[in-house]
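# Examination of the molecular architecture
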Amino acid sequence: MADDKDVLGKADALLRRHSVAPPRDGSETGGVPVLTDLVEAPPEPGAGPIDDPLTREVVDRVMAEVERRLGRSLERRLLEHLAAEVHAAVASAIGELHGELANMIGDAIAEARERGRVK
């Protein structure tokens with residue numbers, strides 16, 4: 001029995017000696033930090049690669065190009081959509097006016113005939 005305790009004690013000592021403290025970066029939880037993990041504070045505004053003049057120029061150029069392309073695309077889509085909406089509105093208005101115009105013309109013709117009979 002003493003040999004069993006001695007072997008188990010040696011195995012425990014060996015495991016403790018070669019065990020490493022768990023990482024404190026969230027890797028043991030699949031990259032998701034937990035309350036016991038150390039998390040770095042976000043960088044201060046203005047402290048980053050965007051402050052470099054060359055980087056700022058590249059970012060400005062890319063943003064201008066994206067805005068230009070998106071602007072054209074949005075304008076084209078808006079015109080297509082509005083053209084269809086305007087066409088439908090005009091067709092609807094003409095349809096509504098058609099009946100009214102027919103009645104007005106009929107009334108005008110009847111009035112003109114009545115005037116012709118009166119004279």
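Parameters and conventions
- Residues numbered from 1 in each chain as written.
- Predicted model: local features only at pLDDT ≥ 70, side-chain atom pairs only at ≥ 80, totals over all residues.
- Heavy atoms only, no water.
- Helix = DSSP H or I, 4+ residues; strand = E, 2+ residues; numbered from the N terminus.
- Buried < 20%, exposed > 50% of the residue type's maximum accessible area, 1.4 Å probe, protein only.
- Areas by Shrake-Rupley, 256 points an atom, 1.4 Å probe, with all protein chains shown as cover.
- Salt bridge = Lys/Arg side-chain N within 4 Å of Asp/Glu carboxyl O.

Looking only at helices and strands, one finds two helices and zero strands in the chain. Looking at the chain residue by residue over its 119 residues, the buried ones come to 3%. Total accessible area on the chain stands at roughly 11000 Å², and carbon and sulfur atoms take up 63% of it.

Turning our eyes to something else, we now look at the pattern of salt bridges. This structure, assessed with the given rule, holds six salt bridges. Note that R68 is salt-bridged to E65, the shortest N-O span being 2.3 Å. Of this pair, R68 and E65 both sit in helix α2 (residues 53–118), three residues apart, which is roughly one turn of that helix. A relative accessible area of 41% places R68 in the partly exposed class. Residue E65 is classed as partly exposed on the basis of its relative accessible area of 27%.

The analysis is restricted to geometry; functional conclusions fall outside its scope.
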